[in-house]
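Okay, here's what each chain looks like letter by letter:
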Amino acid sequence: MVKRKWTRLVVIMVAAVMFGSFSSQAEAYGIHAELKNVDLTEEQKEQLSTLHKNIIEQKKELVDKYVEFGMIPENKREKIKQHLDDRYNRLVENNFQPLRERRFH
């Protein structure tokens, strides 16, 4: 009985440490520290917009395949696609500057 409690405690502690390390991985690599805001021209914004739209469409196709193969439940399809659209809209609002924060739903 006591051994089980210690085992659970150790598992919980290991999980907490792992979760913390994954959430701060970007900071550990210094990714965000190197990002700069740049005033983009309209042409540059159009180029980035086109690239992001293409990537999002491919990701949506990928989601459809995962649903088709039974790896993602049908009822999650639209939520995932909406998240992709929301991310694109945040990029537009931020003038296509790299997003430095993650939003979890």
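Residues numbered from 1 in each chain as written. Predicted model: local features only at pLDDT ≥ 70, side-chain atom pairs only at ≥ 80, totals over all residues. Heavy atoms only, no water.

What follows covers the overall build of the protein chain. Helix and strand counts for the protein chain stand at five helices and zero strands. For the protein chain, the α and β elements follow one another from N to C terminus as α-α-α-α-α. Considering the protein chain as a whole, with its 105 residues, one finds that 16% of them fall into the buried category. If you take every contact in the protein chain between residues at least 6 apart in sequence, the share linking residues at least 24 apart comes to 56%. (Helix = DSSP H or I, 4+ residues; strand = E, 2+ residues; numbered from the N terminus. Buried < 20%, exposed > 50% of the residue type's maximum accessible area, 1.4 Å probe, protein only. Contact = heavy atoms within 4.5 Å.)

Okay, the side chain of glutamine 97 next. Structurally, glutamine 97 is set in the segment after α5 (77–93). Classification of glutamine 97 as buried rests on a relative accessible area of 8%. Sequence-distant contacts of glutamine 97, defined by excluding residues within four places in its chain, comprise Lys36, Asn37, Val38, Leu40 and Leu91.

We now examine unusual backbone geometry. For asparagine 95, which is not glycine, the phi torsion reads 55 degrees and is therefore positive. Within the element layout of this structure, asparagine 95 appears in the segment after α5. Even without glycine at this site, phenylalanine 96 takes up a positive phi of about 60 degrees. Tracing the sequence through the fold places phenylalanine 96 in the segment after α5.

The next point concerns the pattern of salt bridges. Counted by the stated rule, this structure contains six salt bridges. A salt bridge links aspartate 85 to lysine 60; its shortest N-O distance comes to 2.8 Å. Here lysine 60 lies in helix α4 (residues 42–68) and aspartate 85 lies in helix α5, a separation of 25 residues in the sequence. Between lysine 81 and aspartate 64 there is a salt bridge; the shortest N-O distance is 2.9 Å. Taken together, the residues lysine 81 in helix α5 and aspartate 64 in helix α4 connect sequence positions 17 residues apart. (Salt bridge = Lys/Arg side-chain N within 4 Å of Asp/Glu carboxyl O.)

With that settled, the discussion passes to the nonpolar core. Counting residues in hydrophobic clusters, the biggest one holds six residues: Ile56, Leu84, Tyr88, Leu91, Phe96 and Leu99. Among the elements that take part in this core, α5 stands out by supplying three residues, more than any other. Those residues within four positions of tyrosine 88 in sequence are excluded, and the remaining contacts are Ser49, His52, Lys53, Ile56 and Phe96. (Core = buried A, V, L, I, M, F, W, Y, C linked by side-chain atoms within 4.5 Å.)

Another point: the side chain of lysine 81. According to the relative accessible area criterion, lysine 81 is buried, its value standing at 15%. Only 2.9 Å separates the side chain of lysine 81 from the side chain of aspartate 64, close enough to count as a polar contact. Setting aside residues no more than four positions away along its own chain, lysine 81 makes contact with Lys60 and Asp64. (Polar contact = N/O pair within 3.5 Å; in protein donor to acceptor, adjacent residues only side chain to side chain.)

To continue, consider α4. Between its terminal C-alpha atoms α4 stretches 39 Å, which fits the 39 Å expected from 27 residues at 1.5 Å a residue. Taken together, the buried positions of α4 are occupied by Lys45, Ser49, Ile56, Lys60, Val63 and Val67. Buried residues belonging to α4 abut α5. Just past α4, the residue glycine 70 takes up positive phi, approximately 85 degrees. (Expected span 1.5 Å × (residues − 1).)

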